[in-house]
Amino acid sequence: MQSMNNAKLLETIGKYTIHKYLEKIINTPMHKVTLCTSFPYTGAANISDTVTFLIIDDLKKLESLNCGESAN
């Protein structure tokens, strides 16, 4: 088994941590909401100017990704 230098070990741990973090974010239940702005005088929806939000359904699950209990 080859020994790794410190920089390469830290890089490997960082990549693994980011991979696990993104995997947990992907598995967190969420849904997308797209809203349209309105024109100032008519109040009609401006469908060419949309704003998209991600709404997280289970916030406790996302809070526990990098820490322990959030209500300590």
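Coordinates for the structure precede this section.
Residues numbered from 1 in each chain as written. Predicted model: local features only at pLDDT ≥ 70, side-chain atom pairs only at ≥ 80, totals over all residues. Heavy atoms only, no water.

Draft legend 1. View of a nonpolar patch on the surface. On the surface, a cluster of nonpolar side chains totalling about 320 Å² of accessible area is made up of Leu-35, Val-51, Phe-53 and Ile-55. Broken down by element, the nonpolar patch gets its largest block of residues, three residues, from strand β2 (residues 45–56). Mapped onto the elements, Phe-53 comes out in strand β2. The exposure class assigned to Phe-53 is partly exposed, which follows from its relative accessible area of 41%. (Patch = residues over 30% accessible without salt bridge, like charges linked within 9 Å, V, L, I, M, F, W, Y side chains within 5 Å. Areas by Shrake-Rupley, 256 points an atom, 1.4 Å probe, with all protein chains shown as cover. Salt bridge = Lys/Arg side-chain N within 4 Å of Asp/Glu carboxyl O. Helix = DSSP H or I, 4+ residues; strand = E, 2+ residues; numbered from the N terminus. Buried < 20%, exposed > 50% of the residue type's maximum accessible area, 1.4 Å probe, protein only.)

Draft legend 2. Just the environment of Lys-60, in detail. When you line up the elements, Lys-60 lands in helix α2 (residues 59–63). The spatial distance from the C-alpha of Lys-60 to the C-alpha of Thr-28 is 9.9 Å, given a sequence separation of 32 residues.

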